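Now for the letters of each chain:
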Amino acid sequence: MSVELPIYFDYAATTPVDERVAKKMCNCLTREGIYGNPGSHTHRFGWWAAELVDKARKQVAELINAEPKEIIFTSGATEANNLAIKGVALKYKNKGRHIITSKVEHKAVIEPCKYLQEQGFDVTFLDPEPDGTIALDKLEAAIRDDTILISLMHVNNELGSINDIAAFGKLAHECKIIFHVDAAQSAGKLPIDVRALHVDLMSFSGHKVYGPKGIGALFINKDSKLNLVPQMHGGRQERGFRSGTMATHQIVGMGEAFAIAKEELAKESARLAELRRSFWDKIKDIDAIKLNGSLEHGAPHILNVSFGFIEGESIIMALKDIAVSTGSACSSDTLELSYVLTAIGAQNEMAHGSIRFSFGRYTTVEEIDYAAKLIREKVAQLRSLSPLWDMYKQGVDLETISWKGDH
Amino acid sequence: MQYSEKVIEHFENPKNIGELDENDPRVGTGMIGSPACGDVMKLQIQVEDGIIVDVKFKTYGCGSAIASSSYATELIKGKAIEEALKVSNKDIAEELDLPPIKLHCSVLAGQAIAAAVQNYKEKNNITA
Ligand SMILES: Cc1ncc(COP(=O)(O)O)c(C=O)c1O
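Each chain has its residues counted from 1, running along the sequence as written. A letter from A marks each chain and a number from 1 marks each ligand, given out in the order of writing. Totals for whole chains, interfaces and linings use all residues, but because this is a predicted model, local features are given only for residues with pLDDT of at least 70 and pairs of side-chain atoms are given and counted only at 80 or more. Only heavy atoms go into the side-chain values, all of them from the structure, while hydrogens and water stay out.

Asks: Please explain the overall build of chain B as it appears in this structure.
Replies: Numbering of helices and strands starts at the N terminus; helices are DSSP runs of H or I of at least 4 residues and strands are runs of E of at least 2. A tally of regular secondary structure across chain B gives five helices and three strands. Ordering the α and β elements of chain B from the N terminus gives α-β-β-β-α-α-α-α. Relative to the compact-globule value of 14 Å for 128 residues, chain B shows a C-alpha radius of gyration of 14 Å, a close match. Its C-alpha atoms put chain B at 45 × 25 × 25 Å along the principal axes. It only takes one pair of heavy atoms within 4.5 Å for two residues to be counted as in contact. Taking contacts inside chain B between residues at least 6 apart in sequence as the whole, the part at least 24 apart equals 62%. Under the convention used here, a 1.4 Å probe and the Shrake-Rupley method define accessible areas, while residue burial counts only the protein chains that appear. Carbon and sulfur atoms provide 48% of the accessible area of chain B, an area that totals close to 5,400 Å². In this count, Lys and Arg are taken as positive residues and Asp and Glu as negative ones, while His and the chain termini are left out. Here the site of a charge means NZ on Lys, CZ on Arg, CG on Asp, or CD on Glu. The centroid of the 13 positive side-chain charges in chain B is displaced by 1 Å from the centroid of its 19 negative side-chain charges. With C-alpha atoms as the basis for the radius of gyration, the globule rule is written as 2.2 Å multiplied by the number of residues raised to the power 0.38.

Quick look at the structure:
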């Protein structure tokens, strides 16, 4: 079988909408379809649309063992995170003003936390372990009498590292602290049972699971009896938690995507884990290569690798037929190295050469083989251009050199 | 990053890659940048009768850093050392049509030329 180029290995950034999903979505747009406002209670057009929204809510709930009424649709995981974090902080600020999160969260958690810092909240950003996970004892040590919220991610989007959410949940529960989890990267990849995990709030995104962009959901545990200050005020849709006309086609798309994810999860995750392992097996003997995160305990779809002594953006340019992302400074708008790699203590000459490969539903064995071969070739080529590589080969310790022209 | 075709051409077919003998008195070596910043350029010139007869480079860095150093070597080969010093980062940036955020790559290439010339002069006790 031949390989179609370019190859998409950036499924952690976003996924294509599954055709089965797109079909259902299209049915909610035009005059022939269900275009009514789900909030219109006075006529059939509204009722039909509401029925579809109800079904989608059930589909999302079923993937995570929740009840439909515990699901609030938002515009994405970013909004769900904002609603959870700011909504809790503003509601419970009289109980305490301390929040715990980590240095490796997605910006959609870090930035709301920083905003709350400006508003007078005290935020602890926990340091990760070298594999990108958060240690339970460090979390426990950070808890104070005035801690009102813990927000930690399930699967890290850069490294694929998996946190022990059940253990964190149990601890938070015992300490009566509200526990929020960003599960944008784990939904559809790892089994999620919100009851077993003791989470109060959990965020999801449609477009990471072969649904459309611009839709997400927040799970609000009914047993936690939480109140959140809404971040969007208006017509009081979604039980007042999130105003705005429900986007029927987006919601239907997310529902269908989550239903398919549930159907295929066990088989697909095993397949991805196998592809990931076989990809790593084909490149791991490259000199000065490092897997960031964990091979054994990582998410099945993400493999973050550092190629020492060559720079990430140049690797991406050399691999022009393979779509991947990098934590290298040169490819970011701010010329800053990925804060996730910095937080796990990656050395400069390794961190700058980091590439995130992420696989998904349409990734094939042939693509893996093709990419591995190309990578071996291009890494060797770039190293033949690299003065650092020569120094490494000559046994020079880069730390001992006084570098000129820092900028 | 969306680069100009010239950057891509230099990146894919870099000119004058390699090394010259550092201990040869005719050779000047300049190394600029740091691993922390993600760019290190090593540029070497071989000078005979004040003329740069050979140039080699190796660069650790992004696509535009590699392209900038490749183009810099082309620019100075065959030039008198004083002429080579006149090559400005602007010449490099304009030729390669570097995006604004990548201008520092051309600055680095200019510094690497200057450092190589200075090293040559120091080795040969040339003042001024
Ligand atoms: C861990 C994590 N959280 C949040 C988001 C943001 O999700 P959305 O694009 O749905 O706002 C992403 C994806 O970019 C993510 O990977």
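Asks: Which parts of the structure should I look at to understand the environment of glutamine 44 of chain B?
Replies: All names here are of chain B. Residue position: glutamine 44 is located in strand β2 (residues 39-48). As a C-alpha pair, glutamine 44 and glutamine 118 span 74 residues in sequence and 11 Å in three-dimensional space. In contact with glutamine 44, other than residues within four places in its own chain, are Gly18, Glu19, Leu20, Glu22, Val27, Gly28, Thr29, Asp54, Val55 and Lys56. Identification of polar contacts relies on pairs of N or O atoms within 3.5 Å, with a donor-acceptor requirement for protein atoms, meaning one able to donate a hydrogen and the other able to accept it, and with residues adjacent in sequence counted only if both atoms are side-chain atoms. There is a polar contact of 2.7 Å between the side chain of glutamine 44 and the backbone nitrogen of leucine 20.

Asks: Any chance you could explain the interface of chain A and chain B here in plain terms?
Replies: When the parts of a complex come together, some accessible area is lost, and that lost area is often taken as the interface size. Opposite the 28 residues of chain A that make contact, chain B presents 33 residues. Between chain A and chain B the total buried area reaches about 2,600 Å² when both faces are included, carbon and sulfur atoms providing 67% of it. Within this document, salt bridges are pairs made up of a side-chain nitrogen of Lys or Arg and a carboxyl oxygen of Asp or Glu, the two lying within 4 Å of each other. Of the charged contacts in the structure, one is a salt bridge between lysine 320 of chain A and glutamate 12 of chain B, with a shortest N-O distance of 2.9 Å. The interface formed by chain A and chain B contains eleven residue pairs in polar contact (both at pLDDT 80 or more). Under this grouping Gly is polar, as are all residues other than the nonpolar Ala, Val, Leu, Ile, Met, Phe, Trp, Tyr, Cys and Pro and the charged Asp, Glu, Lys and Arg. For the side of chain A that touches chain B, the per-class residue count stands at twelve nonpolar, eight polar and eight charged. The term buried area means the drop in 1.4 Å probe accessible area that two parts suffer when joined, counted for both and summed.

Asks: Which parts of the structure should I look at to understand the packing of helix α8 (residues 248-283) of chain A against helix α12 (residues 365-383) of chain A?
Replies: The packing of two helices is summarised by the inter-axis angle and the distance between the axes. Residue and element names in this part refer to chain A. The interhelical angle for the contact between α8 and α12, taken along N-to-C directions, is 25 degrees, at an axis separation of 9 Å. As the angle between them shows, α8 and α12 are arranged roughly parallel. Along this stretch, α8 crosses α12, giving a crossing that reads as right-handed. Across the interface between the two elements, Leu275, Ser278, Phe279, Lys282 and Ile283 of α8 pack against Val365, Ile368, Asp369, Ala371, Ala372, Ile375 and Arg376 of α12. When the residues that make up the contact of α8 with α12 are grouped by side-chain class, the tally is eight nonpolar, one polar and three charged. Axis angles are defined between N-to-C directions and span 0 to 180 degrees, where every axis is a line fitted to C-alpha atoms and, for a helix, only to the segment in contact. To sort the angles, those under 35 degrees are grouped as roughly parallel, those over 145 as roughly antiparallel, those from 65 to 115 as roughly perpendicular, and the leftovers as oblique. Crossing handedness is read from the near helix: turned anticlockwise from the far helix by less than a right angle, it gives a left-handed crossing, and turned clockwise, a right-handed one.

Asks: Can you walk me through the layout of surface pockets in this structure?
Replies: Over the atoms, a rolling probe the size of a water molecule traces out where space has been left empty. All names here are of chain A. Here a cavity denotes grid points, spaced 1 Å and computed from the protein atoms alone, that fit a 1.4 Å probe unable to get out, and a pocket denotes an open set having protein on both sides within 12 Å along at least 5 of 7 lines; residues with an atom within 4 Å of a point are the lining. Grid points are joined across faces, edges and corners, and a volume is the space filled by probe spheres set on the points. Put simply, the largest pocket is a space of about 590 Å³. Together, 25 residues line the largest pocket, and Glu158, Thr326, Gly327, Ser338 and Tyr339 are the ones closest to its centre. Residue assignment for the lining of the largest pocket shows that the elements contributing at least two residues are β12 (325-326), α10 (339-343) and β13 (354-358). Of the residues that constitute the lining of the largest pocket, the class distribution is six nonpolar, 13 polar and six charged. Its boundaries defined by the atoms lining it, the second largest pocket holds a volume of some 480 Å³. Lining the second largest pocket are 22 residues, and of these Lys176, Ile177, Ile178, Asp200 and Ser224 lie nearest its centre.

Asks: Would you mind showing me how to read empty space enclosed by the protein here?
Replies: Residue and element names in this part refer to chain A. Summed over all chains, the structure comprises two cavities of 30 Å³ or more. Taken as a whole, the largest cavity holds about 100 Å³ of empty space. Forming the walls of the largest cavity are Gly188, Lys189, Val209, Tyr210, Ile260, Ala261, Glu264, Leu265, Glu268, Ser269, Leu272 and Arg361. Class assignment for the residues of the lining of the largest cavity results in six nonpolar, two polar and four charged.

Asks: Just to check I follow, could you spell out the sheet that holds β12 of chain A for this structure?
Replies: Strands belonging to one sheet form pairs held by backbone hydrogen bonds; the direction of such a pair is parallel or antiparallel. All names here are of chain A. In this scheme, strands are said to pair when DSSP sees at least two bridges between them. Within the open sheet, the four strands sit side by side as β9-β10-β13-β12. Their pairing is antiparallel. At either end of the open sheet lies a strand with only one pairing partner, and these are β9 (289-292) and β12. Inspection of the sheet shows β12 paired to β13 by two bridges, in the antiparallel sense. Within the sheet, the bridge partner assigned to threonine 326 lies in β13 and is isoleucine 355. Along the sheet, α8 makes contact with β9, β10 (302-307) and β13, crossing β10 at roughly 15 degrees.

Asks: Which parts of the structure should I look at to understand the pattern of salt bridges?
Replies: Once the charged atoms of two side chains with opposite charge are near each other, the side chains can pair. Residues and elements named next belong to chain A. Per the stated rule, a full pass over the model turns up 38 salt bridges over all chains. Across the pair lysine 170 and glutamate 174 runs a salt bridge whose closest N-O atoms are separated by 3.4 Å. Linking lysine 170 with glutamate 174, this pair stays in helix α6 (residues 165-174), spanning four residues, or about one helical turn. Burial classes follow relative accessibility: with a 1.4 Å probe on protein chains only, a residue under 20% of its type's maximum area counts as buried, one over 50% as exposed, and anything between as partly exposed. Judged by its relative accessible area of 52%, glutamate 174 is exposed. Linked by salt bridges that have partners in common, Glu67, Lys69, Glu70, Arg195, Lys222 and Asp223 make up one network.

Asks: Where do I start with the sheet that holds strand β1 (residues 27-34) of chain B in this structure?
Replies: Residues and elements named next belong to chain B. The strand order across the open sheet built from three strands is β1-β2-β3, with neighbouring strands paired in antiparallel fashion. The sheet is open, and its two borders are formed by β1 and β3 (51-60), each paired with just one other strand. When strand polarity is set aside, the average angle formed by the axes of neighbouring strands in this sheet is 15 degrees. Sheet topology places β2 next to β3; nine bridges connect them, and they run antiparallel. Residue pairing for β3: glutamate 48 is matched across the bridge by isoleucine 51. Contacting β2 and β3, helix α2 (residues 63-76) crosses the sheet at an angle of about 175 degrees to β3. Sitting on the sheet, helix α5 (residues 103-123) is in contact with β1 and β2, with an inclination near 145 degrees to β1.

Asks: Quick question: what am I supposed to make of the state of the cysteines here?
Replies: By definition, a disulfide links the sulfur atoms of two cysteines through a covalent bond. All names here are of chain A. Any two cysteine sulfur atoms within 2.5 Å of one another count as a disulfide. Taken as a whole, this structure holds zero disulfides over all chains when the rule is applied. Left unpaired, cysteine 26 is separated from the closest cysteine sulfur, that of cysteine 28, by 8.8 Å. Residue cysteine 26 is classed as exposed on the basis of its relative accessible area, which comes to 51%.

Asks: Looking at this model, I keep getting lost on α2 of chain B. Mind explaining?
Replies: Given 3.6 residues to a turn, an α-helix orients residues that are three or four positions apart in the same direction. Residues and elements named next belong to chain B. For a helix, the expected span equals 1.5 Å multiplied by the residue count minus one. A rise of 1.5 Å per residue sets the reference length of α2, with its 14 residues, at 20 Å; its end C-alpha atoms lie 20 Å apart and thus fit the reference within 8%. Across the 14 residues of α2, twelve count as buried, placing the element largely inside the fold. Regarding α2, the residues found buried are Gly63, Ser64, Ala65, Ile66, Ala67, Ser68, Ser69, Ser70, Tyr71, Ala72, Thr73 and Ile76. Looking one or two residues beyond α2, the residue adopting positive phi is glycine 78, at roughly 90 degrees.

Honestly, it's all geometry; don't read function into it.
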